[in-house]
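Summary of structural features
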Amino acid sequence: MAQLTYREAVAAAIAQEMERDETVAFIGEDVARAGGVFKATVGLFDKFGPRRVIDTPISEQAILGAAMGAAMTGMRPIAEIMFSDFLAVCWDFVANEMSKSRYMSDGQLKCPLVVRTGNGGGSRFGAQHSQSIENWAMAIPGIKVVAPSTPADVKGLLAASIRDNDPVIFFEHKSLYAVKGEVPEGEYVDTLGTAKVVREGKDATIIALALMVPRAIAAADKLMQEHGIDIEVVDLRTLVPLDMKTISKSVSKTGRLFTVEENPRLCGWGAEIVSIVVDELFWDLDGPAVRITTPHIPLPAADNLEDIAIPSVDRIYNKILEVLK
Amino acid sequence: MATKQTLQNDDINEKKRLELYNTQYLIRVAEQRAYDLFLENLVKGTSHLSLGQEAIASGFANAMQENDKSFCTYRGHAHTLARGASVVGVLGELMQRDCGLMRGKGGSMHLTDTSKGVMGSYAIIGAHLPMAVGSAWRAQYLGHDDVATVFFGDGTTNIGAFHEALNYAVVYKLPVVFVCENNNYMEYTHIESITAVKNPAADRASAYGLESIIIDGNDADEVYRTAQKAYEKARAGEGPSLIECKTYRQSGHSRADPGAYRPKGELEHWKKNNDPITRYRERLIEFGIKQNVINDIEDNVKDLVDQATEKAKNSPVPPEDILTTNVYANGGWAWRN
């Protein structure tokens, strides 16, 4: 095991895959010589050179289109969209092109590519550089959606995404880039579509994703210490494919479900999970399923306002306490 | 009356001229058939015909090598046929039958035949230009010698992806050829009335350091020669070309459009004086090709399209079990366990 930051794990995964597969190349704005605006791709340019690690113009449509054209014809490109908010200017390629070409061509066209993007709030960047848009991506058939919460998961799931034969939108949380954690050394590949129980418990289940995972764990620890309430936390890790088996097993055991989502309220991923649980596990539930989300607002820049918008440890703790007491 | 002198074969030999004619004639007959089938209510959904624009598809496809890639728009029947895709597959797809190129899952606007280098037809304006750039990047990256050609209409020159793709292709010197089919109309509106420059593609070329190229898109020889030059340049590692082909769409924008916005007499003028098929037939005669050779080509094409029509009509609709196939690479659609 090595101690790596979340951002170092990004570069480690890309390097691992570029070393084993010549068809993997990486494009994006400021990703090569500058090592990325979040410094998540430092060292790749020096190691692999300008043929494989390429600085592009600010042309998000060209970036995703080029990645797609290359993927269709034999490469496994990785494209970076600096902030996930910017996906809106090239959403055609996500919503209409890479997600549909295989189906429309009845399997003739393939599209093995990864779109990496900095997602989520906490940086005081305001409404156009802070969004959590993983739920937008989840709504589109034909793509896979990944959002890791730990450095180890970044390495393993990014490697798996690069090897995957479908287009994958890989959401890296900006507020997690500096977080350190144990990461397996040597070749390490995880499995898409697998959630993980990251804290075992018996009284209630929290389903969380990305930045909300450490906050859910902290809230669970506090509930245990202060009230003896024993919470199980499931890190979803992948929205598509969705690991309902792990979710169902946990909810059946605890009888209570909370989702903690950074996306704004309407049509957040938790709504889909609650809907499935209500459909399939209604009689296992001992009380209402509760969603804890960012309110349905654009995100503010001011730190005090952003902090009360995005679910915090205290908000998660208070809400669960209020519901369970 | 002085007899016209027979022209000597030039850089385009007789065999190639007959191929150029054959491709144009095939597109003409197949597109007319598509229109007739629409009137019979056998072509469902929408369709966008290339009647009057056949010389462009023929000239480029006949200049391509087998591994070259074509990226088309929703007006893509011509380019798909020109690469040698099966007529049954094309008409079958328009009729949304199981024999269609994509078994009815794509429809008229998304014709794809990767076995012939047709990497898809795309119905969001501009999207396929960056894709062609990506294919060219792959060719350059892996040392392949294929060139990507992307066909698009005059209206595409006013969307962002056009400009992003051109800049990107020039910056990285990629082997891609951008072909604007300027048929005068962006859907129902004359292109000049909504574009800052007179020649929507060629007048933008200088902004990307490219040569401004305007050709007669209704002259298959001129298209063919221009294509050859662009492919030589691309294969020599000298980067992209942008070619504006002047042409005229003889049909409506889509099947629902009678073309009422055209000035009186315009369509008749183009049909009478500047129809690519009529012009090329006359040229074949000028080059001393016998009428019976031309007749044979035309008869064979008609037979081919007739037989394809019958086959497509007799093909079943797609089976319901393909509704959920090929969403993901594992062949299925599962989004959860």
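Calculation rules
Residues numbered from 1 in each chain as written. Chains lettered and ligands numbered in written order. Predicted model: local features only at pLDDT ≥ 70, side-chain atom pairs only at ≥ 80, totals over all residues. Heavy atoms only, no water. Contact = heavy atoms within 4.5 Å. Buried area = accessible area lost by both parts, 1.4 Å probe. Salt bridge = Lys/Arg side-chain N within 4 Å of Asp/Glu carboxyl O. Polar contact = N/O pair within 3.5 Å; in protein donor to acceptor, adjacent residues only side chain to side chain. Helix = DSSP H or I, 4+ residues; strand = E, 2+ residues; numbered from the N terminus. Nonpolar A, V, L, I, M, F, W, Y, C, P; charged D, E, K, R; others polar. Pairing = 2+ DSSP bridges. Axes fitted to C-alpha atoms, helices over the stretch in contact; angles between N-to-C directions. Parallel < 35°, antiparallel > 145°, perpendicular 65-115°, else oblique. Left-handed = near helix turned anticlockwise from the far one by under 90°. Buried < 20%, exposed > 50% of the residue type's maximum accessible area, 1.4 Å probe, protein only. Domains from an automatic or database assignment.

Description of the interface of chain B and chain A
Buried accessible area, meaning the area lost when the parts come together, often serves as the stated size of an interface. Facing 40 residues of chain B, the contacting portion of chain A comprises 53 residues. Buried area between chain B and chain A, summed over both chains or domains, comes out near 4000 Å², and the portion from carbon and sulfur atoms is 62%. Broken down residue by residue, the surface that chain B buries against chain A is led by B:W137, B:Y141 and B:Y328, which jointly contribute 19%. On the surface where chain B and chain A come into contact, there are two salt bridges. A salt bridge links B:K105 to A:D106; the nearest nitrogen and oxygen atoms lie 3.2 Å apart. Linking chain B to chain A there are 27 residue pairs in polar contact (both at pLDDT 80 or more). The set of elements that each furnish at least two residues to the side of chain B that touches chain A consists of β1 (69-73), β2 (118-122), α5 (128-142) and α6 (160-171) of chain B. In terms of residue class, the side of chain B that touches chain A is built from 22 nonpolar, eleven polar and seven charged.

Notes on the sheet that holds strand β9 (residues 196-199) of chain A
Residue and element names in this part refer to chain A. Pairing is mixed across the open sheet formed by five strands, whose spatial order is β9-β11-β10-β13-β14. A single partner strand is all that each edge strand has here, and the edge strands are β9 and β14 (290-294). Neighbour to neighbour, the strand axes of the sheet diverge by 25° on average, direction disregarded. In the sheet, strand β13 (residues 257-264) pairs with β14 via five bridges, with the strands oriented parallel. Its bridge partner lying in β14, P264 is registered against T294. Helix α12 (residues 313-324) rests against β10 (204-208), β11 (231-235), β13 and β14 of the sheet, and its axis sits at about 155° to β14.

Some thoughts on the packing of helix α1 (residues 14-39) of chain B against helix α4 (residues 87-94) of chain B
All names here are of chain B. Between α1 and α4, whose axes approach to 11 Å, the crossing angle comes to 25°. Here α4 runs roughly parallel to α1, going by the angle between their axes. For α1 against α4, the interelement crossing comes out right-handed. Contacts from L26, A30, R33, A34 and L37 of α1 reach α4 at V87, L91 and L94.

Quick look at the pattern of salt bridges
Residues and elements named next belong to chain B. Applying the stated criterion across every chain yields a total of 46 salt bridges over all chains. Ionic pairing is found between R225 and D10, a salt bridge with its closest N-O pair at 2.9 Å. Taken as a pair, R225 in helix α8 (residues 220-235) and D10 in the segment before α1 lie far apart in primary sequence, 215 residues in all. R225 sits in the partly exposed class, given a relative accessible area of 29%. By sharing partners, the salt bridges in this structure join D10, D11, R17, D216, D219, D221, R225, R279 and R283 into a single network.

So, the domain arrangement of chain A
Residues and elements named next belong to chain A. In terms of domains, chain A is made up of domain 1 (2-183) and domain 2 (196-324). Here the C-alpha centre of domain 2 lies 26 Å away from the C-alpha centre of domain 1. Counting from both sides, the interface comprises 25 residues of domain 1 and, opposite them, 29 residues of domain 2. Across the domain 1 to domain 2 interface the summed buried area is about 2100 Å²; carbon plus sulfur atoms make up 58%. At the junction of domain 1 and domain 2, the tally comes to four salt bridges. Two residues, K196 and D153, come together in a salt bridge whose shortest N-O distance is 3.3 Å. Taken together, the links from domain 1 to domain 2 amount to 14 residue pairs in polar contact (both at pLDDT 80 or more). For the side of domain 1 that touches domain 2, the per-class residue count stands at nine nonpolar, twelve polar and four charged.

Brief notes about the sheet that holds strand β12 (residues 238-240) of chain A
Residue and element names in this part refer to chain A. Spatially, β3-β2-β4-β5-β7-β6-β12 is the arrangement adopted by the seven strands of the open sheet, whose pairing is mixed. The open sheet terminates on both sides in strands that have one partner only, identified here as β3 (53-55) and β12. If you compare each strand with its neighbour and ignore which way they point, the axes differ by 20° on average. The pairing of strand β2 (residues 26-28) with β3 spans three bridges and is classified as parallel. Residue pairing in the sheet places G28 in a bridge with D55 of β3. Sheet strands touched by helix α7 (residues 151-163): β4 (78-83), β5 (114-119), β6 (144-146) and β7 (168-173). Its angle to β7, the strand with the most contacts, is close to 160°.

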